[in-house]
Amino acid sequence: MSGHSRVVLQRYPRAAFFLAGFATTATCGALLVLWFWIANDLLGMQVTYDTRPGWLRGTMTFVERLPWIALGVAIIARWRLRARIRLASFVAGLATPYLATVAITLLLMAATDPR
């Protein structure tokens, strides 16, 4: 860990763990949303959802479960290693992209309702 990162983590531990959780979920969500572009344009594969190879399905399943795996690792690290992990901040960071997606969807539905 670089010196600057260590200073930020020591000075603002809640913000650092929130950002770590947010980055984990946001990155996984972006990869799952952009998988078609990544597979076809970036990797040069000619696939659709039904013709994905097994390794791509496995990778997508792993990316889908990565936030839960990160949460499990954080819980175990806090419990077993007595690490100073701000678990509530990390969970809030993990949940924020999901909550933002639901809120934006509901607000857009309400804004476009013709009634």
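Nothing here was measured: the structure is a model prediction, and the numbers come from that model.

A. Expanded view of the overall build of the protein. Counting its secondary structure elements, the protein contains 5 helices and 0 strands. For 115 residues, the compact-globule estimate of 2.2 N^0.38 gives 13 Å, and the protein exceeds it by more than 25% at 18 Å. Along the longest, intermediate and shortest principal axes, the C-alpha atoms of the protein span 45 × 45 × 25 Å. The buried share among the 115 residues of the protein stands at 22%. Approximately 8,600 Å² of the protein is accessible, and the part contributed by carbon and sulfur atoms is 68%.

B. Here's a closer look at helix α4 (residues 54–80). The largest bend in α4 is about 45°, located at Leu66, with the proline Pro67 one to four residues further on. Turning to α4, its buried residues are Leu56, Met60, Val63, Pro67, Leu71, Ala74 and Ala77. Buried residues belonging to α4 abut α2 (13–33), α3 (35–42) and α5 (87–111). Residue Arg82 follows α4 closely and has a positive phi angle near 55°.

C. A nonpolar patch on the surface, seen in detail. Side chains of Val33, Leu34, Trp37, Leu42, Leu43 and Trp55 sit close together on the surface and give an oily, nonpolar patch of about 690 Å² of accessible area. In this structure, Trp55 sits in helix α4.

D. Geometry of the packing of α2 against α5. Their axes nearest at 7 Å, the elements α2 and α5 cross at an angle of 35°. In the packing of α2 onto α5, the handedness of the crossing is right-handed. Within the contact between the two elements, α2 uses Arg14, Phe17, Phe18, Ala20, Gly21, Phe22, Thr24, Thr25 and Ala26 and α5 uses Ser89, Phe90, Ala92, Gly93, Leu94, Thr96, Pro97 and Tyr98.

Each value, and the rule that gives it
- Residues numbered from 1 in each chain as written.
- Predicted model: local features only at pLDDT ≥ 70, side-chain atom pairs only at ≥ 80, totals over all residues.
- Heavy atoms only, no water.
- Helix = DSSP H or I, 4+ residues; strand = E, 2+ residues; numbered from the N terminus.
- Rg over C-alpha atoms; globule rule 2.2 N^0.38 Å.
- Buried < 20%, exposed > 50% of the residue type's maximum accessible area, 1.4 Å probe, protein only.
- Areas by Shrake-Rupley, 256 points an atom, 1.4 Å probe, with all protein chains shown as cover.
- Bend = angle between axes of the 7 residues up to and from the residue.
- Contact = heavy atoms within 4.5 Å.
- Patch = residues over 30% accessible without salt bridge, like charges linked within 9 Å, V, L, I, M, F, W, Y side chains within 5 Å.
- Salt bridge = Lys/Arg side-chain N within 4 Å of Asp/Glu carboxyl O.
- Axes fitted to C-alpha atoms, helices over the stretch in contact; angles between N-to-C directions.
- Left-handed = near helix turned anticlockwise from the far one by under 90°.

Purely geometric numbers; function is a separate question.
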